[in-house]
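Observations on chain architecture
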Amino acid sequence: MRAIVWHGKEDVRCDTVPDPKIVEHTDAIIKITSTAICGSDLHLYDGYQPTMEDGDILGHENMGEVVEVGAGVSKLKVGDRVVVPFVIACGHCWFCEHTYFSCCDNTNPNAKMAAKVMGQSPAGLFGFSHMLGGYAGGQAEYLRVPHADVGPIKIESDLPDEKVLFLSDIFPTAYMAAENAEIEPGDTVAIWGCGPVALLTIQCAWMLGAGRVIAIDHVPERLQLAAQSKAETINFKEEDVYDRLMEMTQGRGPDRCIDAVGCEAHGSGSFDSVLDKAKATVMLATDRAHVIRQTITCCRKQGTISVPGVYVGMIDKFPFGPAMNKGLTIKMGQTHVQRYLQPLLEKIEKGEIDPSFIITHRRTLEDGPEMYKTFRDKEDGCIKVVLKP
Ligand SMILES: NC(=O)c1ccc[n+]([C@@H]2O[C@H](COP(=O)([O-])OP(=O)(O)OC[C@H]3O[C@@H](n4cnc5c(N)ncnc54)[C@H](O)[C@@H]3O)[C@@H](O)[C@H]2O)c1
Ligand SMILES: [Zn+2]
Ligand SMILES: [Zn+2]
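Residues numbered from 1 in each chain as written. Chains lettered and ligands numbered in written order. Predicted model: local features only at pLDDT ≥ 70, side-chain atom pairs only at ≥ 80, totals over all residues. Heavy atoms only, no water.

Considering the sheet that holds strand β4 (residues 56-57)
Read from one edge of the open sheet, three strands run β2-β1-β4, paired in antiparallel fashion. Of all strands in the sheet, those bounded by a partner on one side alone are β2 (11-16) and β4. Relative to β4, strand β1 (residues 2-8) is paired through two bridges, and the arrangement is antiparallel. Counterpart to tryptophan 6 in the pairing with β4 is aspartate 56. Across the sheet, helix α13 (residues 368-376) touches β1 and β2, and the angle it forms with β2 is around 160 degrees. (Pairing = 2+ DSSP bridges. Helix = DSSP H or I, 4+ residues; strand = E, 2+ residues; numbered from the N terminus. Contact = heavy atoms within 4.5 Å. Axes fitted to C-alpha atoms, helices over the stretch in contact; angles between N-to-C directions.)

Below, the structure is given as structure tokens:
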């Protein structure tokens, strides 16, 4: 089959690789009909995520048609149309039972490697490094789906792929980001980033009762889309984010701050961001943490910070004292996608939201490598890429 394969930093190619096979009796194989490139894939593309290997197949935002099921699969049958969560979960461990699916104890075959770094291992993820399972991703013609009775959700209506595809990751991620922000009715919510995750988080913040949403980025077309979702916007290249937020909130700061940027934040020449970039370049630090630092400085006292943005390793100069003294709550995590599938599918079916408004590029797998660069560099107005094998 054809698949997008990681060969090294900034080197992904569309290669011919062996088709996936059923390995465990609880596996299914799906024929991919749509797959997207995520901001998290850029951390792999840019070489931030450790334990990637030459030959790894990328892609964790996947949907398609079931073409084969193992003997132990009871909920899916050949021909079913499914969206597949990026998180692989067993469905029966303590964490799965508590709906903490991204912390599943049983789906990372390389758990020891992850535990060495983190203390305990989180769940395995599709196409996201060996430390997180070494599972092949779905930017390909076919995908092996382990624990097929636990993850995939069947799409029984005739909703097009584009409306439901983002249930695999960024719509639940946006929803959990808004939930983790502990929004109370009327709150002012500031969201760093206007990428796909942030743009959907704006919608979810409104759903959860925000009174005001402020979105921060520097890419004009992304800021424009945020404004169309009724967010007030700040261009961090043109204005000082702290000063502007204080002005907008009469010196109090936003009640809830959401970091939808993660480990590759751009600075606008601030001291910390210049140092981060230098250290990351020579591998002395793993994350560029300008945004998480800024959320702590800007958030109102006793406020909440929610972090859907992905971090991979160690952060320098983390303002832990300010966070402690201001009494902030910080909530974060890889998304417990399985928890949100049914309720969010219902919202799409009822027409309360159509997450496809962020899609700007529809391409084939062969165009995938070029699309990684276009998406990373925000060229050609690129906000979200969907690949159709
Ligand atoms: N927690 C999860 O389970 C989960 C799931 C999906 C994605 N993510 C993460 O969410 C983050 C966003 O994903 P995306 O697909 O929207 O990515 P993206 O790269 O398209 O968007 C990031 C945006 O942040 C902006 N940005 C950079 N520096 C900034 C700064 N200093 N201030 C404000 N904005 C800044 C960029 O211009 C860009 O528009 C990534 O870190 C991704 O890994 C996490
Ligand atoms: Zn993702
Ligand atoms: Zn589990």
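Now that the structure is up, let's keep going.
Regarding the coordination of the zinc ion (ligand 3)
Bound to the zinc ion (ligand 3) on the protein side are Cys90 (SG), Cys93 (SG), Cys96 (SG) and Cys104 (SG), at distances that span 2.3 to 2.4 Å. Bound by four donor atoms, the zinc ion (ligand 3) shows angles of 102 to 116 degrees at the metal and therefore tetrahedral coordination geometry. Sequence spacing of the donor residues for the zinc ion (ligand 3), all on one chain, is C-x2-C-x2-C-x7-C. Taken together, the residues span a long stretch of sequence, with cysteine 90 in the loop between β7 (87-88) and α2 (94-97) and cysteine 104 in the loop between α2 and α3 (111-118) at a distance of 14 residues. One exposure class covers both cysteine 90 and cysteine 104, and it is buried. (Donors = N, O, S within 2.8 Å, 3.2 Å for Na, K, Ca; no water. Tetrahedral: all angles 85-135°; square planar, octahedral: opposite > 155°, others 65-115°. Buried < 20%, exposed > 50% of the residue type's maximum accessible area, 1.4 Å probe, protein only.)

Some details on the packing of aromatic side chains
With the rule as written, the count across this model stands at six aromatic pairs. Their ring planes at 40 degrees and their centres at 5.5 Å tell us that tyrosine 45 and tyrosine 372 sit as a pair that is tilted. Of the two residues, tyrosine 45 sits in helix α1 (residues 39-45) while tyrosine 372 sits in helix α13, which places them 327 residues apart along the sequence. Like tyrosine 45, the residue tyrosine 372 is buried in the burial classification. (Phe/Tyr/Trp six-rings, centres within 6.5 Å; stacked < 30°, edge-to-face > 60°.)

A closer look at the sheet that holds strand β12 (residues 212-217)
Taken in spatial order, the six strands of this open sheet run β13-β12-β11-β14-β15-β16, and their pairing is parallel. The open sheet has two edge strands, β13 (232-235) and β16 (329-332), and neither has a second partner. This sheet shows a mean twist of 20 degrees between the axes of neighbouring strands, independent of strand direction. In this structure, strand β14 (residues 256-259) lies alongside strand β15 (residues 304-307), joined through three bridges in parallel fashion. Residue pairing for β15: arginine 256 is matched across the bridge by threonine 304.

Brief notes about unusual backbone geometry
One can expect most non-glycine residues to show negative phi and most peptide bonds to be in trans. A positive phi angle, close to 50 degrees, is found at lysine 378, a residue other than glycine. Taking relative accessible area as the criterion, lysine 378 reaches 27% and is therefore assigned partly exposed. Its identity is not glycine, yet aspartate 380 carries a phi of approximately 55 degrees, on the positive side. Turning to its location among the elements, aspartate 380 is positioned in the loop between α13 and β18 (385-387).

Topic: the site of ligand 1
Around ligand 1, the structure places 34 residues, and the nearest of them are Ser40, His43, Asp217, Arg222 and His266. One of the backbone N or O atoms of isoleucine 216 is found 3.4 Å from a nitrogen atom in ligand 1. Take proline 308: an N or O atom from its main chain is 2.9 Å from a nitrogen atom of ligand 1. For ligand 1, the accessible surface in isolation is 870 Å², of which the surrounding protein chains cover 97%. Those elements that place two or more of their residues in the shell around ligand 1 are α1, α6 (196-207), β12 and α10 (290-298). (Near = heavy atom within 4 Å. Polar contact = N/O pair within 3.5 Å; in protein donor to acceptor, adjacent residues only side chain to side chain. Areas by Shrake-Rupley, 256 points an atom, 1.4 Å probe, with all protein chains shown as cover.)

Observations regarding the pattern of salt bridges
Per the counting criterion, the structure on display carries 24 salt bridges. Among the salt bridges present, the one from arginine 144 reaches aspartate 27, with a minimum N-O distance of 2.6 Å. Here aspartate 27 lies in the loop between β2 and β3 (28-37) and arginine 144 lies in strand β9 (residues 142-145), a separation of 117 residues in the sequence. For arginine 144, a relative accessible area of 23% gives the class partly exposed. Residue aspartate 27 is classed as buried on the basis of its relative accessible area of 0%. The partner of aspartate 80 in a salt bridge is lysine 154, and the shortest N-O contact between them spans 3.7 Å. Taken together, the positions of aspartate 80 in the loop between β5 (61-69) and β6 (81-84) and lysine 154 in strand β10 (residues 153-154) put the pair 74 residues apart, joining distant regions of the chain. Accessibility expressed as a relative area gives 8% for aspartate 80, which makes it buried. For lysine 154, a relative accessible area of 28% puts it in the partly exposed group. (Salt bridge = Lys/Arg side-chain N within 4 Å of Asp/Glu carboxyl O.)

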